[in-house]
Amino acid sequence: MSAPDNTNVPDEVRARHAELCRELDDHSYRYYLGNPIVSDAEYDQLMLELRDIEDRYPILVTQDSPTQKVGAPISVDFAEVEHLVRMESLGNAFNADELSAWADRASAEVPVNAYLCELKIDGLAVDLVYERGRLIRAATRGDGRIGEDITLNVRTIGVVPEQLDESVRPAPELLEVRGEVFLPVEDFEKLNRRITADGSHAPFANPRNAAAGSLRQKDPRVTATRPLSMIVHGVGAYVPAGYSEAEGGWAVDSPESAPEEVKLTSQSKTYTLLGEWGLPLSDRYKVVASMKEVHEYVEYYQAHRHDPAYEIDGIVVKVDDFALQRRLGSTSRAPRWAIADKYPPEEVTTKLVDIKVGVGRTGRVTPYGVMEPVVVAGSEVEFATLHNAQEVARKGVRIGDTVVLRKAGDVIPEIVGPVLDRRDGTEHEFVMPERCPECDTELGQQKEGDVDLRCPNARSCPGQLRERVAFIAGRKALDIEALGYVAATALTQPLEPAEAPLSNEGDLFDLTLEQLLPIRTHVLDPDTTEPKTDPKTGEPKVVSFFANMKGEPKKTVEKLFEQLEEAKKKPLWRVLVSLSIRHVGPRAAEDLARHFRSMDAIRNASEEELASVDGVGPTIARSIREWFAVDWHAEIVRKWADAGVRMEDEGQEPGSRVLEGVTVVVTGSLEGFTRDGAKEAIAERGGRATASVSKKTGFVVVGDAPGSKYDKAVKLGVPVLDEAGFRVLLEAGPEAAENLRINPTEEAPEE
């Protein structure tokens, strides 16, 4: 391949280069102000395009190019300060191959024997300077060399010490540390509710913006009302105690004559020292010896991205040894000894084309956004929830807005808010409809003050029936894999001339093959209930759902009938959940089934008896009584019972309820139990399976890859059992299982 022509740069390339430079500088500036108008993924894509151009035409590279700078222009609102040691940015990897390529390059230069992996917090980079243990300055990163003085605001952050702890060892003469200021997700949601309550402040789009906006308040008293936190992840300048001055400053190092115990020789040892001085550190970093372990760490936190209290957007991997870091050095803007492996973005911006409404299984009518398709969290998204009309108004979104879209975990994407700077005057307000979009019944509130509008036509509304049947098939109910959303649509809303086999869910267990074979249906999108279209014709997709090309049953039909038979054997609490009684979710259903043991007992119980059950209360009790008072509801239960659906729990006799009052957390993969199977075994013996570990937890059961719940259990002293211990717990109870705990009962001695 011939060398690039550095002199004859095509005019269109020069123009695109200039345009990208201007656009990236503008986005960097808006990001720095806490008011970005593009997502991180869009910014990264623009930067990749600019790098590609400059790789092909190096003559275009200047000191002012965004590829050569870190951060953004500095606002004049705060005093400028110069960092003692330059704050570098990190290079990015976007997949396992790119991460491995970085490691291969590093290993080709130096003998890497350990990597430190830590979470990449989505917050605001901050630099702290301590002299003789006292905090004298805090600054933003700025352009990497010069930042803004935000000392007064940082002093309002509770976890940032004004004076370093010297109980273990003396504080350094000089210490410059770097970290990330963030707003915990739960506190972010509370903050948005508080600042929007009176309508005087628009909600922050995300926790990072909220943290940036809070740190740059003119009045520190305002910052003090924001529950900011910080985690430290690096060191700039460092002079150990007893050294009056730094000879030129010490970057992640210490004088050769300094005592060994205070020399900074590695990232992990540095974290130990910083922790002794009382600086806030992550408890989730890990030192590993191989790239195999690095990839395992990356994959674990991609699957457990929402375990931490703060938002993360990837993993940072560093060569642990500082001597090797110095040998690897840095480029003009990023170290060669560290890299950020970035996860697929969970926040993007896109156009809100329309706002429509859908009806749920209990009649709740919910607005949802129809958007220009965009990839978020690794999948293409076209629809997102907006919850209710009040939420649309609170968020201030209008049809035609550019909006921030968020997909956190395995949930329906949510519109966070509008990008106000993108408005051009063509946007218009959403008006909630007055009639049901599925059956044209007039909408109303179920009770005065209810924020949701509901369709009262529960019996005949085709949308509600479709949603209830689909819900029955879900994992939280009867877990019928072959009865998915499209199958539920086919059974309740087939195309003519076929008739719907189900007029209500009571007929589900009496289906026949003759009813299924004629069914043709539109393929609906489960997020919107609207037909999917054929990309070639633009027409709605139509399928013969239960028959193949020859008119014979598909293999899925046999599977459906088999799974319907298995569903009849499911425990009582799952049957109760499947009835779609408002407010009765899995937890309440388990409590009711454990107490009453049969559907007849639940149906005949008074409101007071129902409310007295632990975990139920008056609202759920009233809802149950109202549900069973409806004739056609009672008919569903009768039909299911006649079809052989289990209506009472045999299980353990009351005298054998060995886990009565005991809470158990199951984490990791067990060989002999599915997660749901373990929960049901606990419930049958009177116990309660919960998802989080606390001091009140009775036992934590761990399988393969248990994660942070095991660590928390050990820290709190909660008994931890392996699978063998779990079986003893189920059979013999807590006293016998206590002797089989696998976690230490007291702290292990230091090595």
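Look up: the structure comes first, before these words.
Cut-off values and rules
- Sequence order as written defines the numbering, with residues in each chain counted from 1.
- In keeping with the model being predicted, local features are shown solely for residues with a pLDDT of at least 70 and side-chain atom pairs are shown and tallied solely at 80 or more, while totals for entire chains, interfaces and linings include all residues.
- The side-chain numbers reported here are obtained from all heavy atoms of the structure, hydrogens and water having been left aside.
- Every helix listed is a DSSP run of H or I at least four residues long, and every strand listed is a run of E at least two residues long, numbered separately from the N terminus.
- Note on method: radius of gyration uses C-alpha positions; expected globular size equals 2.2 Å times residues raised to 0.38.
- Working definition: with a 1.4 Å probe on protein chains only, accessible area under 20% of the residue-type maximum means buried, over 50% means exposed, and in between means partly exposed.
- For this analysis, residues touch if any pair of their heavy atoms sits within 4.5 Å.
- Using a 1.4 Å probe, accessible areas were evaluated by the Shrake-Rupley method; residue-level cover was limited to the displayed protein chains.
- Strand pairing follows a simple DSSP-based rule, namely that at least 2 bridges must link the two strands.
- Any two rings among Phe, Tyr and Trp, with Trp reduced to its six-membered ring, count as a pair given centres within 6.5 Å; such a pair is stacked if its planes are under 30 degrees apart, edge-to-face if over 60, and tilted if neither.
- Either the NZ atom of lysine or the CZ atom of arginine qualifies as a charge over a ring when it sits within 6 Å of the ring centre and within 35 degrees of the ring normal.
- By salt bridge we mean one thing: a side-chain nitrogen of Lys or Arg within 4 Å of a carboxyl oxygen of Asp or Glu.
- Note on definitions: angles span 0 to 180 degrees between N-to-C directions of axes, and those axes are lines fitted to C-alpha atoms, for helices only across the stretch in contact.
- With the far helix as reference, a near helix turned anticlockwise by less than a right angle produces a left-handed crossing, and one turned clockwise produces a right-handed crossing.
- Under the grouping applied here, Gly and all other residues not named as nonpolar or charged are polar, the nonpolar ones being Ala, Val, Leu, Ile, Met, Phe, Trp, Tyr, Cys and Pro and the charged ones Asp, Glu, Lys and Arg.
- Here a polar contact is recorded for every N or O atom pair within 3.5 Å, except that within protein the pair must consist of a potential hydrogen donor and a potential acceptor, and residues adjacent in sequence are included only if both atoms are side-chain atoms.

A. Inspection of the overall build of the protein chain at higher detail. The helix and strand inventory of the protein chain stands at 25 helices and 23 strands. A compact globule built from 751 residues should have a C-alpha radius of gyration of about 27 Å, and the protein chain, at 30 Å, falls within 12% of that. Taken over 751 residues, the protein chain has a buried fraction of 49%. If you take every contact in the protein chain between residues at least 6 apart in sequence, the share linking residues at least 24 apart comes to 67%. Total accessible area computed for the protein chain in this model is approximately 36100 Å², and 49% of it derives from carbon and sulfur atoms.

B. Just the sheet that holds strand S23 (residues 720-721), in detail. If you trace the 4 strands from one edge of the open sheet to the other, you get S21-S20-S22-S23, paired in parallel fashion. This sheet does not close on itself; its edge strands, each paired only once, are strand S21 (688-690) and S23. For strand S20 (residues 663-667) and S21, the ladder comprises 3 bridges, and the chain directions are parallel. Counterpart to Val665 in the pairing with S21 is Thr690.

C. Here's a closer look at the packing of aromatic side chains. Taken as a whole and assessed by the stated rule, the structure comprises 11 aromatic pairs. Here Phe509 and Trp640 contribute two aromatic rings whose centre-to-centre distance is 5.5 Å and whose plane-to-plane angle is 85°, an arrangement assigned as edge-to-face. One end of the pair, Phe509, is in the loop between helix H13 (485-492) and helix H14 (513-516); the other, Trp640, is in helix H21 (residues 631-642), with 131 residues separating them in the sequence. Each member of the pair, Phe509 as well as Trp640, is classed as buried. Three or more aromatic residues joined by ring pairs make a cluster, and in this case those are Tyr297, Tyr300 and Tyr301. Between the NZ or CZ atom of Arg361 and the centre of the ring of Phe471, over which it lies, the distance is 3.5 Å. Sitting over the ring of Phe545, Lys554 keeps its end group 5.9 Å from the ring centre.

D. Expanded view of the sheet that holds strand S10 (residues 312-319). With mixed pairing, the 5 strands of this open sheet are ordered in space as S2-S11-S10-S3-S9. The open sheet has two edge strands with one neighbour each: strand S2 (92-93) and strand S9 (286-288). Where strand S3 (residues 115-121) lies against S10, 6 bridges are found, and the strand directions are antiparallel. Paired with Leu116 across the bridge in S10 is Lys318.

E. Representation of the pattern of salt bridges in the model. Summed over all chains, the structure comprises 47 salt bridges. As a salt-bridge pair, Arg178 and Asp127 come within 2.5 Å of each other at their nearest N and O atoms. Of this pair, Arg178 sits in strand S7 (residues 174-182) while Asp127 is found in strand S4 (residues 124-131), placing the two residues 51 residues apart along the sequence. For Asp127, a relative accessible area of 0% translates into the label buried. One salt bridge in this structure joins Arg435 and Asp440, with 3.2 Å as the shortest N-O distance. Judged by relative accessible area, which is 41%, Arg435 ranks as partly exposed. A cluster of three or more residues bridged by salt bridges with shared partners is formed by Glu391, Arg394, Lys395 and Glu414.

F. Structural detail: the packing of helix H3 (residues 96-109) against helix H9 (residues 291-303). Where H3 contacts H9, the axes come no closer than 11 Å and their chain directions differ by 145°. Crossing handedness for the pair H3 and H9: right-handed. Contact residues: Ala96, Leu99, Ser100 and Ala103 in H3; Met291, Val294, His295 and Val298 in H9. When its residues are assigned to classes, the contact of H3 with H9 shows 6 nonpolar, 2 polar and no charged.

G. Inspection of unusual backbone geometry at higher detail. Note the cis peptide between Glu496 and Pro497, where omega equals 15°. Here His387, not a glycine, exhibits a phi torsion of approximately 70°, which is positive. Structurally, the position occupied by His387 is in the loop between strand S14 (379-385) and helix H11 (389-395). Judged by relative accessible area, which is 28%, His387 ranks as partly exposed. One non-glycine residue with positive phi stands out, namely Ser580, at about 55°. On the secondary structure map, Ser580 appears in the loop between helix H16 (572-578) and helix H17 (586-596).

H. Spatial organisation of the environment of His633. Note on placement: His633 falls in helix H21. Sequence separation of His633 and Glu505 is 128 residues, and the distance between their C-alpha atoms is 9.6 Å. There is a polar contact of 2.8 Å between the side chain of His633 and the backbone oxygen of Trp627.

I. The pairing of strand S5 (residues 134-140), seen in detail. For S5, the tally of buried residues reaches 5 of 7 residues, placing the bulk of the element in the interior. Pairing geometry for S4 and S5, over 6 bridges, is antiparallel. In the strand pairing of S5, Glu131 is matched with Arg134. Hairpin connection, S4 to S5: the antiparallel pair is bridged by 2 residues, and Arg132 has positive phi, about 50°.

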